Amino acid sequence: MRVGMVCPYTWDVPGGVMAHVRDLSEALIADGHHVSVLAPASDDAPLPYYVTSAGRAVPVPYNGSVARLAFGFLSAGRVRKWLREGFDVLHVHEPAVPSVGLLACWAARGPIVATFHASYQRSRAVSVTAPVLHTALEKITGRIAVSDAARKTLVEHMGGDAVLIPNGVTVSRYADAEPLPGWGPDGGVIGFLGRMDEPRKGLPVLLEAFALIAPERPGLRLLVAGPGDADEVLAKVPAPLRDRVGLLGMVSEEDKARAYHSVDVFCAPNTHGESFGIVLAEAMAAGATVLASDIPAFRKVLGEGQAGALFTTGDAGSLAREAAALLDDPGRRVKLADEARVAVRKYDWSTVARDVVRVYETVTATATGGVEEERRGAVL
């Protein structure tokens, strides 16, 4: 099958949706499908052979984060040129985001599948833009939501429904890796992976919890990976504890896997805005013991605490108590890690990609042809 895949966020900066598009595309290619991805990217950015740049992205505040999007005449032109490659199905991720996915919906006709990733509350901005979005979303013939939270957002904000297909993780990529030099697991390492400067990722909550328990545990260390200002992070840590915090910055996929294998407890202290929790799935695949905030998406991935421990969202004291309990109980850590390895198998891309292909087959079975450029009545 010839699949045109659209990623709304820049390929230059790692993120959950970008990783989803990348891994799904590679799983489909491995199964013999032809996949071409269109994504915002700098023209000089190194891209995989299957990715076409839609132009440089612009940072825009979105859903409690900063999204890097491409939207405008240049991107619209590249969308139309790319569509002429000819596809059996167009798969757009986050079509309601003002980026190339929305442009692709406007510019194309034929079998169109959309995946909805985001979870957010009703907002005035969404209500105001809904009529404009409708002209694009009404073209979609197959809808996928990566979680119950994302599906609820879709139903409440845009109407309609979607088949639930979770995010995937390449389990083999994380299953075996050597720890980073100088790190654990040694019974005293807590880990974090995410954007350090994005409040909803919850690093400030973890730093506060670390400050509560570290004075009583001389060997306790914190390993932090992800983009952000290291000086700003260290400024939030009491001076006597700063030499026990390791800041890796942005890491490669290889070092990310090694980081998961370097900790005794992997913490996901996110406060909101998560519809699945790909970092949880990656850590679970690596066999890490997971401690996560009890937001609905994380509770679901962790089986209500069976495959990882939970703490009260935003509560540093609760996080500190749960982390201390896990560090003091190696047997429980092993049990949770074993449960996690089993639970994560259903999220392996070898399974998830097949479910996505079934959606493709459904929408193409009733179509009269493939994806074409919309030439009459087009918005752009």
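Please refer to the structure placed before this passage.
In this text the structure is predicted, and so the values were computed from the model without any measurement.

On to the packing of aromatic side chains, then. A full pass over the atoms with the stated rule returns 5 aromatic pairs. Seen in terms of ring centroids, Trp82 and Phe87 are 4.8 Å apart; in terms of plane orientation they differ by 45°. Their pairing is tilted. Taken individually, Trp82 and Phe87 each receive the classification buried, so the pair is uniform in this respect. For the ring pair Tyr260 and Phe266, a centre distance of 5.3 Å and an interplane angle of 75° mean the geometry is edge-to-face. Each member of the pair Tyr260 and Phe266 is classed as buried. Grouping aromatic residues by their ring pairs yields a cluster made of Trp11, Tyr49 and Tyr50. A cation over an aromatic ring shows up here: Arg221 above the ring of Trp183, its NZ or CZ 4.3 Å from the ring centre.

Turning our eyes to something else, we now look at the nonpolar core. Tyr260, Phe266, Leu280, Met284, Ala292 and Val344 are the most contacted members of the largest nonpolar core, which has 35 residues in total. If near-sequence neighbours (up to four positions away) are discounted, Leu280 is found in contact with Ala268, Val290, Ala292, Phe298, Val301 and Leu302. Counting 32 residues, the second largest nonpolar core, distinct from the first, contains Ala54, Leu103, Ile112 and Ala150.

Below, the discussion takes up a negative patch on the surface. Taken together, Asp197, Asp229, Asp231 and Glu232 make up a surface patch of like negative charges. With respect to the helices and strands, the residue Asp231 is situated in helix α8 (residues 230-235). In this structure Asp231 comes out as exposed when scored by relative accessible area, which is 60%.

The next thing to look at is the sheet that holds strand β3 (residues 51-53). The 7 strands are arranged β3-β2-β1-β6-β8-β9-β10 in an open sheet whose pairing can be described as parallel. Strand pairing shows two members of the sheet lacking a second neighbour, β3 and β10 (163-164), which therefore form its edges. Those strands touched by helix α2 (residues 73-83) are β1 (2-6), β2 (34-39), β3 and β6 (89-93), and its axis lies near 175° from that of β2.

It is worth spelling out the packing of α2 against helix α3 (residues 100-107) at this point. At a closest axis distance of 9 Å, the pairing of α2 and α3 adopts a crossing angle of 55°. Taken together, α2 and α3 sit at an angle that is classed as oblique. As α2 runs across α3, the sense of the crossing is right-handed. On α3, the residues touching Ser75, Ala76, Val79, Arg80 and Leu83 of α2 are Val100, Leu103, Ala104 and Ala107. Here the contact of α2 with α3 is built from residues that sort into 7 nonpolar, 1 polar and 1 charged.

Quick look at the sheet that holds strand β12 (residues 221-225) now. The sheet built from 6 strands is open, its strands ordered β13-β12-β11-β14-β15-β16 with parallel pairing. Only two strands of the sheet have a single neighbouring strand rather than two, namely β13 (245-249) and β16 (309-311). Each neighbouring strand pair of the sheet contributes to a mean axis angle of 20°, computed without reference to strand direction. Note that strand β11 (residues 189-193) and β12 share 5 bridges and pair parallel. Bridge pairing links Ile190 to Leu222 in β12. Of the strands in this sheet, β11, β12, β13 and β14 (265-268) touch helix α7 (residues 203-213), which is tilted by about 165° from β12. Here helix α12 (residues 316-327) sits on the sheet and contacts β11, β14, β15 (290-293) and β16; the angle it forms with β16, its principal contact strand, is near 155°.

What counts as what
- For every chain, the first residue of the written sequence is number 1, and numbering continues from 1 onward in sequence order.
- The predicted nature of this model means local features are confined to residues of pLDDT at least 70 and side-chain atom pairs, given and counted, to a pLDDT of 80 or more, with totals for whole chains, interfaces and linings taken over all residues.
- The side-chain numbers reported here are obtained from all heavy atoms of the structure, hydrogens and water having been left aside.
- Classification of ring pairs rests on two measures: the distance between centres of Phe, Tyr or Trp rings, Trp counted by its six-membered ring, which must be within 6.5 Å, and the angle between planes, read as stacked under 30 degrees, edge-to-face over 60 and tilted in between.
- Burial status follows relative accessibility: with a 1.4 Å probe on protein chains alone, a residue under 20% of its type maximum counts as buried, one over 50% as exposed, and anything between as partly exposed.
- The rule for a charge over a ring is simple: NZ of Lys or CZ of Arg within 6 Å of the ring centre, and within 35 degrees of the ring normal.
- We call a set of buried residues a nonpolar core when its members are Ala, Val, Leu, Ile, Met, Phe, Trp, Tyr or Cys and they connect through side-chain atoms within 4.5 Å of each other.
- The contact criterion used is simple: two residues touch if any of their non-hydrogen atoms lie within 4.5 Å.
- Patch building starts from residues that exceed 30% relative accessible area and form no salt bridge, then joins like charges within 9 Å and nonpolar side chains (Val, Leu, Ile, Met, Phe, Trp, Tyr) within 5 Å.
- Note on areas: Shrake-Rupley, 1.4 Å probe, and residue coverage restricted to the protein chains presented here.
- One side-chain nitrogen of Lys or Arg within 4 Å of one carboxyl oxygen of Asp or Glu is enough to make a salt bridge.
- When charges are counted, Lys and Arg are positive and Asp and Glu negative, with His and the chain ends excluded.
- By convention, the point assigned to a charge is CZ for Arg, NZ for Lys, CD for Glu and CG for Asp.
- Segments assigned H or I by DSSP are reported as helices when at least four residues long, segments assigned E as strands when at least two residues long, and all are numbered from the N terminus.
- In this description, strands pair whenever DSSP reports at least two bridges between them.
- Axis definition: a line fitted to C-alpha atoms, over the contacting stretch in the case of helices. Angles run 0 to 180 degrees between N-to-C directions.
- To sort the angles, those under 35 degrees are grouped as roughly parallel, those over 145 as roughly antiparallel, those from 65 to 115 as roughly perpendicular, and the leftovers as oblique.
- Should the near helix be turned anticlockwise from the far one by less than a right angle, the crossing is left-handed, and should it be turned clockwise, the crossing is right-handed.
- Under the convention adopted here, Pro, Cys and the residues Ala, Val, Leu, Ile, Met, Phe, Trp and Tyr are nonpolar, Asp, Glu, Lys and Arg are charged, and Gly plus all remaining residues are polar.

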